[in-house]
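Fold and contact review
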Amino acid sequence: MSTAMGGHSLDLSCPPDDVTAVHTFLESVWGVEPAVSAEDRMALELALVELTSNVIEHGAAGGGVSCSLHLDVRPDAVEAHLTDDGVPVPVDPSAATLPDALAESGRGLALVQMVVDDLRYERVADRNNWTVRRGRH
C-alpha cells in the first residue's frame, strides 16, 4: 500500500491476495481521508470490493491475476482506477442489470452501477482498465 498526495495505491497478486486486502486498504485510506462521508465510504467499499472480486473470479482464467488499485480523493469526487492483467472482459458495464431474484450470480456490475456515478471499462494492450467515480455527498 502506498499513499501519495491525494492518491492511494494497492497492488494485488491473486492468489494469495483476495478482497480482504481491498477492505484493509480502504480502511487505511479512510484513516487519512476523514472528510469522506460514511455514505460515500460504504458505497465505494461495496463497488470496489465487488469489482475486485469479479476481476479475481473471472479474470484469472484458471490461473492468477495481478491487479493495481489507485484511489484519488478529490474535494468533489472519489475516483478509483483498477487495472488487471486478466483475460479481456466481454461485457459492457453500462448495460449491466440485476438478474432475477433467484439467480445465483450476475449482480456484480449492476450493484457497482447502483452506487457510483460512473463505471467505465476499456482494454488497453494486455490490461483491463476499470474506472469508478463517485461524486462526494
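Worth saying up front: this structure is predicted, and the values here are computed from it rather than measured.

When you go through the protein chain residue by residue, the secondary structure sums to three helices and six strands. Ordered by position from N to C terminus, the α and β elements of the protein chain give β-β-α-α-β-β-α-β-β. The proportion of buried residues among the 137 residues of the protein chain is 39%. Long-range contacts, defined as pairs at least 24 residues apart, comprise 60% of the intrachain contacts of the protein chain with a sequence gap of at least 6. Accessible area for the protein chain stands at about 7,300 Å²; split by element, carbon and sulfur atoms hold 55% of it.

Overall, the coordinates contain one aromatic pair when judged by the stated rule. Relative to Trp130, the ring of Tyr121 lies with its centre 4.6 Å away and its plane at 45°, an arrangement referred to as tilted. Residue classification places Trp130 among the buried residues on the basis of a relative accessible area of 4%.

This paragraph deals with helix H3 (residues 108–115). Of the residues making up H3, those classed as buried are Gly108, Leu109, Ala110, Val112 and Val115. Of the surrounding secondary structure, the elements contacted by the buried residues of H3 are helix H2 (38–59), strand S5 (118–124) and strand S6 (127–135).

Counted at 1.5 Å a residue, the expected span for H2 with its 22 residues is 32 Å, and the 30 Å between its end C-alpha atoms agrees. Of all the positions in H2, only Asp40, Ala43, Leu44, Ala47, Leu48, Val49, Leu51, Thr52, Asn54, Val55 and Gly59 are classed as buried.

Taken N-terminus to C-terminus, the directions of H2 and H3 make an angle of 155°; their axes are 9 Å apart at the nearest point. It follows that H2 is roughly antiparallel to H3 by the angle criterion. Like other packed secondary-structure pairs, H2 and H3 cross with a definite hand, here left-handed. Facing Ala43, Leu46, Ala47, Glu50, Leu51 and Asn54 of H2, the residues of H3 in contact are Gly108, Leu109, Leu111, Val112 and Val115. Of the residues belonging to the contact of H2 with H3, the class tally is eight nonpolar, two polar and one charged.

On average, residues of the protein chain carry a pLDDT of 85, and 82% of them reach 70 or more. Across residues 98–106, where pLDDT falls below 50, the model places eleven contacts with residues more than four positions away in sequence or in other chains.

The next thing to look at is the environment of Pro88. As for its position among the elements, Pro88 is in the loop between strand S4 (77–84) and H3. Classification of Pro88 by relative accessible area gives exposed; the value is 52%. For the pair Pro88 and Asn128, spaced 40 residues apart in sequence, the C-alpha to C-alpha distance is 6.5 Å. Beyond its immediate sequence surroundings of up to four residues, Pro88 is in contact with Tyr121, Arg123 and Asn128.

What follows is about the pattern of salt bridges. Oppositely charged side chains may form a pair once their charged atoms are brought near each other. What the rule picks out here adds up to six salt bridges. Between Arg120 and Asp118 there is a salt bridge whose closest N-O contact spans 2.6 Å. Arg120 sits in the partly exposed class, given a relative accessible area of 42%. Its relative accessible area of 26% is what places Asp118 among the partly exposed residues.

The rules behind each value
- Residues numbered from 1 in each chain as written.
- Predicted model: local features only at pLDDT ≥ 70, side-chain atom pairs only at ≥ 80, totals over all residues.
- Heavy atoms only, no water.
- Helix = DSSP H or I, 4+ residues; strand = E, 2+ residues; numbered from the N terminus.
- Buried < 20%, exposed > 50% of the residue type's maximum accessible area, 1.4 Å probe, protein only.
- Contact = heavy atoms within 4.5 Å.
- Areas by Shrake-Rupley, 256 points an atom, 1.4 Å probe, with all protein chains shown as cover.
- Phe/Tyr/Trp six-rings, centres within 6.5 Å; stacked < 30°, edge-to-face > 60°.
- Expected span 1.5 Å × (residues − 1).
- Axes fitted to C-alpha atoms, helices over the stretch in contact; angles between N-to-C directions.
- Parallel < 35°, antiparallel > 145°, perpendicular 65-115°, else oblique.
- Left-handed = near helix turned anticlockwise from the far one by under 90°.
- Nonpolar A, V, L, I, M, F, W, Y, C, P; charged D, E, K, R; others polar.
- pLDDT = per-residue confidence, 0-100.
- Salt bridge = Lys/Arg side-chain N within 4 Å of Asp/Glu carboxyl O.

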